[in-house]
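Residue-level listing of the chains:
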Amino acid sequence: MNGLPLHLLEEILFKMDPKSLAMMRCTNRYFQSYISDSKFEKYSVWTRPSLFHLASYGATYIFCLPLVSSRDSMSTGNEVNMLREPCYIFGSCSGLLLLYIGGLFVVNPLTKWFRLLDHSASKLLSIIVGGDRNVAGTERSMCVGFTVNRNLTTNRFKIVCILEMETVYGFEISDGYSWRLSETTITTSSTSNLMVQMKPVYLVDSLHWLRNDGSIIAFDPDTERNFGLHTRREFKWKLARRIKNVSMKESELVCWNIVVYDGKHLVLTERKDRLKGVVHVYDMEVNSWGVLGSTTLWSSGVRDFYKFTPSLFFVKGDEQRKVIVASNDQRVSYLTAIMGLIDTAK
């Protein structure tokens, strides 16, 4: 048990009530020392996974809903008004968010740690966050992948931008300090664009992008060697579970979309008209549906959803590298407000 990876240990501890946590401290010295650490004790054990959601083209309103199960009461969630400064969220991984507010930041909303990154050398990000917000941001934000390596010897994050060049795909990589083009490229036999508004999936230490023809571009950001193009024929599918649909009246329904699935929760959005909608959650453990909240007044536009799992993650060597910015920097004020959406006091 002493060798249990920290991210698994944190996932267990953050789910415990105070009584169970106290009992846990008495079972193992390793657990006792970790739970007694000031870094852990300062955070509430009631902190749960959350859903950040915002307009995909750069949003001035950021919303956050607790990812409760069907057995919990619905929460109205929290929101931040960014006024005239658009925000983009490009990824969520291992308790860190990659977002843009007048600058590129890596943030841990739970610990309030953040770092400002120099993205001036990136060839792709300037296109996404500049120009026509309604075109560039919506159609190109899916090109950005964000990964976190939680290996105890490294504890590093990486940003990977995929570049489409007809039948060739290249990769632009940053470790937070510099940007470079990978020597790895993928050449395909057919032309098919990446599916727009479809974020890459980080699975088994690799990033995966979906193309319009159903094939998948896979890239390992750590080794930059395990990569390739996978077609539909290479996948073997099997039925894992049948889930009864949410009760909906077809005469009122405009559309519904799956936005999150993590093996425990299935979250989908239901649109009834241009302005009204509902966010539903299916609890896999008890096989029942619940409602996370209403999407009234903000569901008219394409939205991005990001699951945030609380973590005490820190980047090795960067514990003291929290960016010191002038107190009148509006970006930091907005950033602080977004981090405040994860409220450990509630």
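Each value, and the rule that gives it
Residues numbered from 1 in each chain as written. Predicted model: local features only at pLDDT ≥ 70, side-chain atom pairs only at ≥ 80, totals over all residues. Heavy atoms only, no water. Pairing = 2+ DSSP bridges. Helix = DSSP H or I, 4+ residues; strand = E, 2+ residues; numbered from the N terminus. Axes fitted to C-alpha atoms, helices over the stretch in contact; angles between N-to-C directions. Buried < 20%, exposed > 50% of the residue type's maximum accessible area, 1.4 Å probe, protein only. Salt bridge = Lys/Arg side-chain N within 4 Å of Asp/Glu carboxyl O. Phe/Tyr/Trp six-rings, centres within 6.5 Å; stacked < 30°, edge-to-face > 60°. Lys NZ or Arg CZ within 6 Å of the ring centre and 35° of its normal.

K.L.:
Let's hear about the sheet that holds strand 13 (residues 201–203): which residues, and what values?
P.N.:
Spatially, 13-14-15-16 is the arrangement adopted by the 4 strands of the open sheet, whose pairing is antiparallel. The open sheet terminates on both sides in strands that have one partner only, identified here as strand 13 and strand 16 (227–230). Each strand of the sheet is rotated relative to its neighbour by a mean of 25 degrees, with strand direction disregarded. Examined bridge by bridge, strand 14 (residues 206–210) and strand 15 (residues 216–219) share 4 bridges and lie antiparallel to one another. Following the sheet pairing, leucine 210 is matched in strand 15 by isoleucine 216.

K.L.:
Quick rundown of the pairing of strand 18 (residues 265–271)? Include the residues and the values.
P.N.:
As a general feature of sheets, a regular strand has side chains that alternate between the two faces. Of all 7 residues in strand 18, 6 are buried; the element is thus mostly enclosed. Pairing between strand 18 and strand 19 (residues 277–283): 7 bridges, direction antiparallel. Residue pairing across strands places glutamate 270 opposite valine 278, the latter belonging to strand 19.

K.L.:
Pulling in residues and values, what's your account of unusual backbone geometry?
P.N.:
Even without being a glycine, lysine 112 presents a positive backbone phi close to 70 degrees. With respect to the helices, strands and loops of the structure, lysine 112 is situated in the loop between strand 6 (104–108) and strand 7 (113–117). Overall, lysine 112 belongs to the partly exposed group, its relative accessible area being 30%. Of note, the phi angle at glutamate 166 is positive, near 60 degrees, even though the residue is not glycine.

K.L.:
Describe the pattern of salt bridges, listing the residues and the values that go with them.
P.N.:
Proximity of charged atoms lets side chains of opposite charge pair with each other. Taken as a whole, this structure holds 2 salt bridges when the rule is applied. Of the charged contacts, one joins arginine 180 and glutamate 224 as a salt bridge, the two residues approaching to 2.5 Å between their closest N and O atoms. Placement of arginine 180 in strand 11 (residues 179–181) and of glutamate 224 in the loop between strand 15 and strand 16 is noted, with a sequence separation of 44 residues between them. For glutamate 224, a relative accessible area of 13% puts it in the buried group. The residue arginine 211 makes a salt bridge to aspartate 213 at a minimum N-O spacing of 2.9 Å. According to the relative accessible area criterion, arginine 211 is buried, its value standing at 1%. According to the relative accessible area criterion, aspartate 213 is partly exposed, its value standing at 31%.

K.L.:
How would you sum up the packing of aromatic side chains? Please name residues and give values.
P.N.:
In this structure the tally under the stated criterion is 9 aromatic pairs. Here the aromatic rings of tyrosine 88 and phenylalanine 90 are separated by 5.9 Å at their centres, their planes lie at 10 degrees, and the arrangement is stacked. This pair shows no difference in class: tyrosine 88 is buried, exactly as phenylalanine 90 is. The side chain of arginine 115 reaches across the aromatic face of tyrosine 177, ending 4.3 Å from its centre. Above the face of the tyrosine 306 ring, lysine 199 is positioned so that its terminal group lies 5.1 Å from the ring centre.

Read these as geometric descriptors, not functional statements.
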